[in-house]
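Descriptive analysis of the structure
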Amino acid sequence: MDKIEMIRKAISGPLQEMEIEVDSIEFVKEGSYYFLQIVLDKINGIDMDTIVEATHVINPIIDELDPYEESYILDVLSKERGE
């Protein structure tokens, strides 16, 4: 299992309890920084308070998994919705 799938599997269960779906996960380098970007979605959209709650759930799971040797920033985002 690759690292992205390992992360998806570890966070999906707890987030499903909050009715949140993992849309995508990427480990990217922008400039001199690495980011672990996790994009979330929820029926009827997801507000900032829910993103903060989800981040509090995701962060300790990622800390325990420790999937990457590089230092990185955890970036939890909502899926953009077109109008």
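What this report covers is the structure whose coordinates are included nearby.

Cut-offs applied
- Residues numbered from 1 in each chain as written.
- Predicted model: local features only at pLDDT ≥ 70, side-chain atom pairs only at ≥ 80, totals over all residues.
- Heavy atoms only, no water.
- Core = buried A, V, L, I, M, F, W, Y, C linked by side-chain atoms within 4.5 Å.
- Buried < 20%, exposed > 50% of the residue type's maximum accessible area, 1.4 Å probe, protein only.
- Helix = DSSP H or I, 4+ residues; strand = E, 2+ residues; numbered from the N terminus.
- Contact = heavy atoms within 4.5 Å.
- Expected span 1.5 Å × (residues − 1).
- Patch = residues over 30% accessible without salt bridge, like charges linked within 9 Å, V, L, I, M, F, W, Y side chains within 5 Å.
- Areas by Shrake-Rupley, 256 points an atom, 1.4 Å probe, with all protein chains shown as cover.
- Salt bridge = Lys/Arg side-chain N within 4 Å of Asp/Glu carboxyl O.
- Lys, Arg positive; Asp, Glu negative; His and termini not counted.
- Charge placed at Lys NZ, Arg CZ, Asp CG, Glu CD.

1. Some remarks on the nonpolar core
The biggest cluster of nonpolar side chains holds 18 residues, and the ones touching the most others in it are Ile 7, Ile 11, Leu 15, Ile 25, Ile 38, Leu 40 and Ile 58. Secondary-structure elements contributing two or more residues to this core are helix 1 (3-17), strand 1 (21-30), strand 2 (33-41) and helix 2 (48-65). Residues within four places of Ile 11 in sequence aside, it is in contact with Val 22, Ile 25, Ile 38, Ile 58, Ile 61 and Ile 62.

2. Observations regarding the side chain of Gln 37
In this structure, Gln 37 sits in strand 2. Taking the relative accessible area as the measure of exposure, Gln 37 reaches 15% and is therefore buried.

3. Section: helix 2
Compared with the 26 Å implied by 1.5 Å per residue over 18 residues, the 25 Å span of helix 2 between its first and last C-alpha is a close match. What helix 2 keeps buried is the set Thr 50, Ile 51, Ala 54, Ile 58 and Ile 62. On its buried face, helix 2 sits against helix 1, strand 2 and strand 3 (73-78).

4. Section: a negative patch on the surface
A cluster of acidic side chains, namely Asp 63, Asp 66, Glu 69 and Glu 70, defines a negative patch on the protein surface. With respect to the secondary-structure elements, Asp 63 resides in helix 2.

The values reported here are purely geometric and, on their own, carry no functional implication.
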